[in-house]
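Chain and residue survey
Here's the letter readout for the chains.
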Amino acid sequence: MLKFVTVSRQPPHRRAAETRRQDFDEIYDPFQDAEAGSQASRCSQCGVPFCQSGCPIDNNIPDWLRLAAEGRLKDAYEVSAATSTMPEICGRICPQDRLCEGSCVIEQSGHGTVTIGAVEQYITETAFKEGWVREVRHAREREESVGIIGSGPAGLTAAEKLRERGYKVTVYDRADRPGGLLTYGIPGFKLEKPIVMRRVERLERGGVKFETGCDVGGSVKFSDIRARHDAILIATGVYQARDLSVPGVGSDGVVPALDYLTASNRIGFGDKVADFDSGKLNAAGKHVVVIGGGDTAMDCVRTAIRQDALSVSCVYRRDRTNMPGSAREVANAEEEGITFEWLSSPLAVLSEGNDVSGLKVQRMRLGAPGPDGRQGIEAIDGATGTLKAGLVIKALGFEPEDLPTLFGLPELKVSRWGTIRVNPSTYETNEPGVYAAGDIMRGASLVVWGIHDGLKAAEGIHAQLSARATPAQKTRSHEEAVA
């Protein structure tokens, strides 16, 4: 260890931009054995590991880096999997520059951070290859059952941990495939879909049941689902897109980001998508403008360039420094030919007939910092511009649906933003036996925070159901635990 003074930081090889923009394959080549060991050996083994404290699920990063550097990969996997239900996914899509790697001590000293995410991915992919990833196991079958609404990171994580404790678990999702945004919201060049399906299939083999095409709050009543189970976890995510309020936004060719990304991912699965075939959700041969500055916007611009768009621009009202999306994703997008219109805000969607022809933008400048320390923005008088566009994609973020109304739970407490309020210790809502986790509880966030919430919610559900168990059940559980 401590080789950061002699070994330079070397991230995984990134395929050339001209090559990778021709397909939806992942853009980074995985580490080879020697590369992973060498990069892991750069860890300084800090007495106070800020990388670990910078990780929402408190991964034991220095420990599995040391084990990887020593070639003890099976042990490294066991340590990694002890705190994360999907380390190979987090290794691919976590914004490490804002979390573990951004907190790395040697990064602060100017030596360049350890490539934590790439080593994390390498360890778990090796574990799958070598057969070290065990099936979901449990000591005994419990009588209680848990229903989970939503199969994103929070729902899948809770399902795994509850099934490990022997609960009967059924996951309900209104989509036709499990995985939530992992399946339909994140493009394959960041996360290839067999990686997600592998996790789902492992849960199915372990006894977790999935009911897809089940629209709870729509064609299926929440009360019916609740009556089937001893506890319910709401992990629906937030899917209601924030809208754009400018003239012309109703023109043909203005589409929501999630509709666009879902269509592209369905094509990747080999599905027939009418709106893609018609061109409505297809960027081919068009000038494309994406409005927004988060990772969803980056997913859209990079998808459009792969669909053979004539040009792709991203309009964001602040500057590069204040952009909420991952700096790594912005750099990847620029390499692939995307143009960024910084400090620009949409004024109107222009059209010819009812078809989009362009986007008029107002040029902005940063103003004085607000109470939160972030600089405000203000319009520059008389400074406007026009961008040519045949497709405008709205990537302005997501908000919760009105679940109290949809689920017929008018007393369910929500925040002023519509997220479900929970007891921070147990993740239980004010409705007895009903829990919430993930984005629907905290607002649109990262996959790793969904995993965090799924772990905590599973603990809360287990604690409550265990407390309700009969004396005979408790005795049997204790005896089996001792055995």
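In case you missed it, the structure is sitting above this.
Residues numbered from 1 in each chain as written. Predicted model: local features only at pLDDT ≥ 70, side-chain atom pairs only at ≥ 80, totals over all residues. Heavy atoms only, no water.

**Observations regarding helix 16 (residues 295-306)**
End to end, helix 16 covers 17 Å across 12 residues, agreeing with the expected 16 Å (1.5 Å per residue, within 8%). For helix 16, a buried count of 10 out of 12 residues is recorded, marking the element as mostly surrounded by other parts of the structure. For helix 16, the complete set of buried residues consists of Ala297, Met298, Asp299, Cys300, Val301, Arg302, Thr303, Ala304, Ile305 and Arg306. Looking one or two residues past helix 16, Asp308 carries a phi angle of roughly 65°, positive in sign. (Helix = DSSP H or I, 4+ residues; strand = E, 2+ residues; numbered from the N terminus. Expected span 1.5 Å × (residues − 1). Buried < 20%, exposed > 50% of the residue type's maximum accessible area, 1.4 Å probe, protein only.)

**What to know about the sheet that holds strand 11 (residues 355-369)**
Read across the open sheet, the 3 strands follow the order 10-11-12; overall the sheet is antiparallel. Looking along the sheet, the strands with just one partner apiece sit at the ends: strand 10 (344-352) and strand 12 (375-388). Averaged over all adjacent pairs, the angle separating strand axes in this sheet is 20°, with direction ignored. Here strand 10 pairs with strand 11 via 8 bridges, running antiparallel. Note on strand 11: the bridge partner recorded for Ser344 is Arg363. (Pairing = 2+ DSSP bridges. Axes fitted to C-alpha atoms, helices over the stretch in contact; angles between N-to-C directions.)

**Some points on a nonpolar patch on the surface**
Together, Val48, Phe50 and Val105 give the surface a local cluster of nonpolar side chains, amounting to about 260 Å² of exposed area. Mapped onto the secondary structure, Phe50 falls in helix 3 (residues 50-53). Its relative accessible area of 44% is what places Phe50 among the partly exposed residues. (Patch = residues over 30% accessible without salt bridge, like charges linked within 9 Å, V, L, I, M, F, W, Y side chains within 5 Å. Areas by Shrake-Rupley, 256 points an atom, 1.4 Å probe, with all protein chains shown as cover. Salt bridge = Lys/Arg side-chain N within 4 Å of Asp/Glu carboxyl O.)

**Observations concerning the packing of aromatic side chains**
Scanning the model with the defined rule gives 4 aromatic pairs in all. Between Phe222 and Phe407, the aromatic rings sit 4.9 Å apart at their centres with planes inclined by 10°, giving stacked as the arrangement. In this pair, Phe222 is assigned in helix 13 (residues 222-228) and Phe407 in the loop between helix 18 (403-406) and strand 15 (434-436), connecting sequence segments 185 residues apart. Across the pair, Phe407 and Phe222 agree in class, each one buried. A cation over an aromatic ring shows up here: Arg198 above the ring of Phe128, its NZ or CZ 3.6 Å from the ring centre. Geometry around Phe189 places Arg306 over its ring, the cationic atom sitting 4.1 Å from the centre. (Phe/Tyr/Trp six-rings, centres within 6.5 Å; stacked < 30°, edge-to-face > 60°. Lys NZ or Arg CZ within 6 Å of the ring centre and 35° of its normal.)

**Here we look at the nonpolar core**
Within the largest apolar cluster, 91 residues are counted, with the highest numbers of intra-cluster contacts made by Leu65, Ile148, Leu182, Phe222, Leu233 and Ile234. Take this core: its biggest share by element is 8 residues, from helix 20 (residues 447-468). With 29 residues, the next largest nonpolar core counts Phe276, Val288, Met298 and Ile305 among its residues. (Core = buried A, V, L, I, M, F, W, Y, C linked by side-chain atoms within 4.5 Å.)

**So, helix 12 (residues 193-205)**
Look at helix 12: 18 Å from first C-alpha to last across 13 residues, which is about the 18 Å you get at 1.5 Å a residue. Restricting attention to buried positions, one finds in helix 12 the residues Lys193, Ile195, Val196, Met197, Arg199, Val200, Arg202 and Leu203. Buried residues along helix 12 sit in contact with helix 6 (87-93), helix 9 (116-130), helix 10 (153-164), helix 11 (181-184), strand 3 (209-212) and helix 14 (257-269). (Contact = heavy atoms within 4.5 Å.)

**Description of the sheet that holds strand 13 (residues 391-394)**
Strand order in the open sheet formed by 5 strands is 6-13-7-8-9, with parallel pairing between adjacent strands. Sheet topology places strand 6 (254-256) and strand 9 (339-341) at the edges, where each strand pairs with a single neighbour. Neighbour to neighbour, the strand axes of the sheet diverge by 25° on average, direction disregarded. With 3 bridges connecting them, strand 8 (residues 311-315) and strand 9 associate as parallel partners. The residue of strand 9 that forms the bridge with Val315 is Glu341. Packed onto the sheet, helix 14 meets strand 6 and strand 13 and runs at close to 75° relative to strand 6. Most of the contacts of helix 16 go to strand 8, to which it runs at about 170°, and overall it touches strand 7 (287-291), strand 8, strand 9 and strand 13.

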